[in-house]
Amino acid sequence: MINGPWVDHYPPGIERTLPPVTDDIVAHLRLETVDPDRVALRRDRRALGYGRLVEALHRVAAGLLAAGLAPGDRLALVAGASPEHVIALLAALRVGVVVVEHDTAATAHELAGLFADHGARLAVVDAPVADRLPAGVRAVVIDPAASTTDDGADASPDWAGLLAHEPLAAGAARPAADGTALLLYTSGTTGRSKGVPFTHAMVGHAIDHNLNFFRNQARGDGVHYLTLPLNHVYSLVDHLLSGLARAVELVAFDRGDIGAVVRTAAARPPRKLATVPPILAAIAAAAARAGVRFDDLYVVTGGMPMSEQLVRDWLAVSDQRPVNGWGMTESCGYGLMPLPDPELIPPGSCGVPLPGLDVRVCDPADPTRELGPGARGELQLRGRLVTAGYWNDPRATAEAFTPDGHLRTGDLVSMDEEGFFHFHGRLKEIISVQGENVAPAEVEQLLETVPGIDRAFVHARGTTPGVNLLMAACTAEPGARVDTAAALALCAERLAPYKVPMRLTVVDELPLTPAGKPRRDIDGHAWTRAHQVGRR
């Protein structure tokens, strides 16, 4: 369904049908049309202007070709959000080299598996990562003390080697819109990570959706914060690339440096903050302690639902209610979009489908049977935002798509009568208890409303073959004591009996991915025993 009841809630003036994208990502950004003195990216005390960005990306593009890369080859980026990272990213895209983003926290073992899959032989990396690269991979090391920004500092020798080239000729061949531009790997919360290729047109289309849906945000409108690593599609496409297309000033932070976010907000308040709920919760707590407010700020989170407690905590430091959206790597980070006006979104909703996106909710047991409003089913997508398949994995590709070409997202959602969507968990996370299906996210969200509980994690403990017990673990808020009996009593009051955990254990930390999502691929019972507060 493309024109469902949600179209009545679209912002006024938006286009219901966007034209096809026919150029490459760098051309689509129109960076040359921005005031060259305007700041594109700040990191720590360094500032990269749009003019310097354009010049540097064309020099590094020529340097990458001279280093032996050709269109279609892969370039690995294993670095934090920095001027050098952005320049290398855009330089590779300009000459048709496929950029593969990586988590800087990845171990040598994890990197070895990824490099074996995508085959990159050259990598631009932060210095601490260089020793973790597989043998045979050449590294261009970014020196944190060096700079390619507008403050006159010298560049590192490795980086200088790329920057030393004459700029790429203006008439140099450009990549085709249908050529592969990016390769990102899924988070792997329920299994092995899979590579997702993005074409230039897919990313350009995502950028166009951002510009179209949020027309109330003018080009060059204020400061946007980058709080997530660039190997996350949400950060890369919605934050970085869409931000550059808007000609805004982006401010990047180290992973987890919440103090820097709050300190910066006091001097350079952001216009938009896009992040994930755990980071927003940490920012809210730090802002409350520091007496810093985030007023007149549009906050959108993704990756997981927001708890009611998080909304209350944020409203204690801001006059704007945060909103939640939905997207996945396979759909370029987009799918269900919150409205520009937070007051028009029902509590708990993750938004409405973007214009032109074919969306349906289907019976997981019969993926071709569409369900009506109010019914919980699997979200399926089809359209120009959706990848054509997985990298080097035809079996996973075949399993992910229906015969008529819809992507099976694996996410459990419902649509209300007004066309707003609500997220209820991952199908692969579903736990069978007493012959009934339990979505862990539903139970976790309820537990996180209990005073003293910070985060919750629901998992299964297998006893005999085919028999599961529902168990839960949680972390406590700083200085708080968790009344586990009261928490389980609340579950018994609000949930069906089979959804009530047998036990709730307080632990010192939960098994989370770098993006803050619960890991469903580990032994939850073993983790709980190892991390139980007071056990060691």
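Reading guide: rules and limits
- Positions within a chain are numbered from 1, following the residues in the order the chain's sequence is written.
- Restriction of local features to residues with pLDDT of at least 70 applies here, the model being predicted, together with a cutoff of 80 or more for giving and counting side-chain atom pairs; totals for whole chains, interfaces and linings are based on all residues.
- Water and hydrogen atoms were dropped before computing side-chain values, which therefore reflect all heavy atoms in the structure.
- Think of it this way: DSSP has to see at least two bridges between two strands before they count as a pair.
- Secondary structure follows DSSP: runs of H or I at least 4 residues long count as helices, runs of E at least 2 residues long count as strands, and numbering of each begins at the N terminus.
- Any pair of nitrogen or oxygen atoms within 3.5 Å is treated as a polar contact; in protein, a donor-acceptor pairing is required on top of that, and neighbouring residues in sequence qualify only through side-chain atoms on both sides.
- Note on contacts: a residue pair is in contact if any heavy atoms of the two residues lie within 4.5 Å.
- Working definition: rings of Phe, Tyr and Trp (its six-membered ring) pair if their centres are within 6.5 Å, and the pair is stacked with planes under 30 degrees apart, edge-to-face with planes over 60 apart, and tilted otherwise.
- Only protein chains enter the accessibility calculation, which uses a 1.4 Å probe; a residue is then buried when its area is under 20% of its type maximum, exposed when over 50%, and partly exposed in between.
- Note on criteria: charge over ring means Lys NZ or Arg CZ within 6 Å of the ring centre, with the direction from the centre no more than 35 degrees off the ring normal.
- Axis lines are fitted through C-alpha atoms, for helices just across the contact stretch, and the angle between N-to-C directions can take any value from 0 to 180 degrees.
- What sets the label is the angle itself: under 35 degrees gives roughly parallel, over 145 gives roughly antiparallel, 65 to 115 gives roughly perpendicular, and the rest give oblique.
- The nonpolar class holds Ala, Val, Leu, Ile, Met, Phe, Trp, Tyr, Cys and Pro. Asp, Glu, Lys and Arg form the charged class, and all remaining residues, Gly among them, are polar.
- A side-chain nitrogen of Lys or Arg and a carboxyl oxygen of Asp or Glu constitute a salt bridge if their distance falls within 4 Å.
- Buriedness of a pocket was judged along seven lines, with at least five required to meet protein on both sides within 12 Å; pockets are open sets of points on a 1 Å grid over the protein atoms alone, cavities are sets where a 1.4 Å probe fits but cannot get out, and lining residues have an atom within 4 Å of a point.
- Grid points are joined across faces, edges and corners, and a volume is the space filled by probe spheres set on the points.

### Some points on the sheet that holds strand S15 (residues 335-337)
Strand order in the open sheet made by the three strands is S14-S15-S16, with antiparallel pairing throughout. Two strands bound the open sheet, and with one partner strand each, they are strand S14 (326-327) and strand S16 (352-353). Sheet analysis places S15 next to S16, joined by two bridges and oriented antiparallel. Looking across to S16, one finds that Leu336 is bridged to Pro353.

### Side note on the side chain of Thr275
Position of Thr275 among the secondary structure elements: in strand S11 (residues 272-275). For Thr275, the side chain forms a polar contact with the side chain of Thr227, separated by 3.0 Å. Beyond its immediate sequence surroundings of up to four residues, Thr275 is in contact with Thr227, Leu228, Tyr234, His239, Leu280, Val300, Thr301 and Gly302.

### Some thoughts on the packing of aromatic side chains
On inspection of all chains with the given rule, the structure shows six aromatic pairs. On the basis of an interplanar angle of 85 degrees and a centroid distance of 5.9 Å, the ring pair of Tyr10 and Phe213 is categorised as edge-to-face. Of this pair, Tyr10 sits in the segment before helix H1 (25-29) while Phe213 sits in helix H6 (residues 200-213), placing them 203 residues apart in sequence. This pair shows no difference in class: Tyr10 is buried, exactly as Phe213 is. Pairwise contacts between aromatic rings join Tyr10, Phe213, Phe214 and Tyr298 into one cluster. Lying across the ring of Tyr390, Lys194 places its NZ or CZ 5.1 Å from the centre. One Lys or Arg, Lys272, reaches over the ring of Phe214 and ends 5.8 Å from the middle of that ring.

### As for the side chain of Asn210
Relative to the assigned elements, Asn210 resides in helix H6. Among the polar contacts made by the side chain of Asn210, one reaches the side chain of Tyr334 at a distance of 3.2 Å. Residue contacts for Asn210: discarding those within four places in its chain leaves Asp238, Ser242, Arg246, Lys272 and Tyr334.

### A short note on the packing of H6 against helix H7 (residues 233-245)
In contact at an axis separation of 10 Å, H6 and H7 are set at 75 degrees when each is read in the N-to-C sense. If you check the angle between H6 and H7, you find them roughly perpendicular. Packed against H6, whose contacting residues are Val203, Ala206, Ile207, Asn210 and Leu211, the element H7 presents Val237, Asp238, Leu241, Ser242 and Ala245 at the interface. For the contact of H6 with H7, a count of residues per class yields seven nonpolar, two polar and one charged.

### Points about the pattern of salt bridges
Summed over the entire model, instances satisfying the criterion amount to 23 salt bridges. Salt-bridge contacts for Arg215 lead to Glu15; the nearest nitrogen and oxygen are separated by 3.9 Å. Within this pair, whereas Arg215 is found in the loop between H6 and strand S9 (223-226), its partner Glu15 is found in the segment before H1, the two being separated by 200 residues in sequence. Between Arg52 and Glu55 there is a salt bridge, and its shortest N-O distance comes to 3.5 Å. Highlighted residues: Arg52 and Glu55, both in helix H2 (residues 50-66), separated by three residues, approximately one helical turn. Residue classification places Glu55 among the partly exposed residues on the basis of a relative accessible area of 35%. Connected through shared salt-bridge partners, Arg42, Glu249 and Arg268 make up one network.

### Digging into the pairing of strand S18 (residues 366-370)
Of the strand pairs in this sheet, strand S17 (residues 358-363) and S18 are connected by two bridges, and their pairing is antiparallel. The partner of Asp363 across the bridge, within S18, is Asp366. Two successive antiparallel strands, S17 and S18, enclose a turn made up of two residues.

### Overview of empty space enclosed by the protein
Scanning the model with the defined rule gives two cavities of 30 Å³ or more in all. Of the volumes computed, that of the largest cavity is approximately 40 Å³. Together, Thr227, Phe253, Asp254, Arg255, Gly256, Asp257, Ile258, Val261 and Ile279 line the largest cavity. In terms of residue class, the lining of the largest cavity is made up of four nonpolar, two polar and three charged. As a volume, the second largest cavity reaches approximately 30 Å³.

### Description of unusual backbone geometry
Excluding glycine, residues mostly carry a negative phi; peptide bonds, for their part, are mostly trans. Positive phi, normally seen in glycine, also occurs at Arg30, with a value near 55 degrees. By the secondary structure assignment, Arg30 is in the loop between H1 and strand S1 (39-43). In this structure, Asp296 takes a positive phi of about 55 degrees despite not being glycine. Looking at the secondary structure, you find Asp296 in the loop between helix H9 (277-290) and strand S12 (298-301).

### Some words on the packing of helix H3 (residues 83-94) against H7
Contact geometry for H3 and H7: axes closest at 13 Å, N-to-C directions at 85 degrees. Between H3 and H7, the crossing angle belongs to the class labelled roughly perpendicular. Touching Val86, Leu89 and Leu90 of H3 are Leu236, Leu240, Leu241 and Leu244, all from H7. Of the residues belonging to the contact of H3 with H7, the class tally is seven nonpolar, no polar and no charged.

### Here's the deal with the sheet that holds strand S19 (residues 377-382)
Here five strands make up an open sheet; going across it, the order is S18-S17-S19-S20-S21 and the pairing antiparallel. Only two strands of the sheet have a single neighbouring strand rather than two, namely S18 and strand S21 (421-426). Taken pair by pair, the neighbouring strands of this sheet meet at an average axis angle of 50 degrees, ignoring direction. Both strand S20 (residues 407-415) and S21 contribute to a ladder of five bridges, which runs antiparallel. Within S21, the position partnered with Met415 by the bridge is Phe421.

By themselves these figures say nothing about function.
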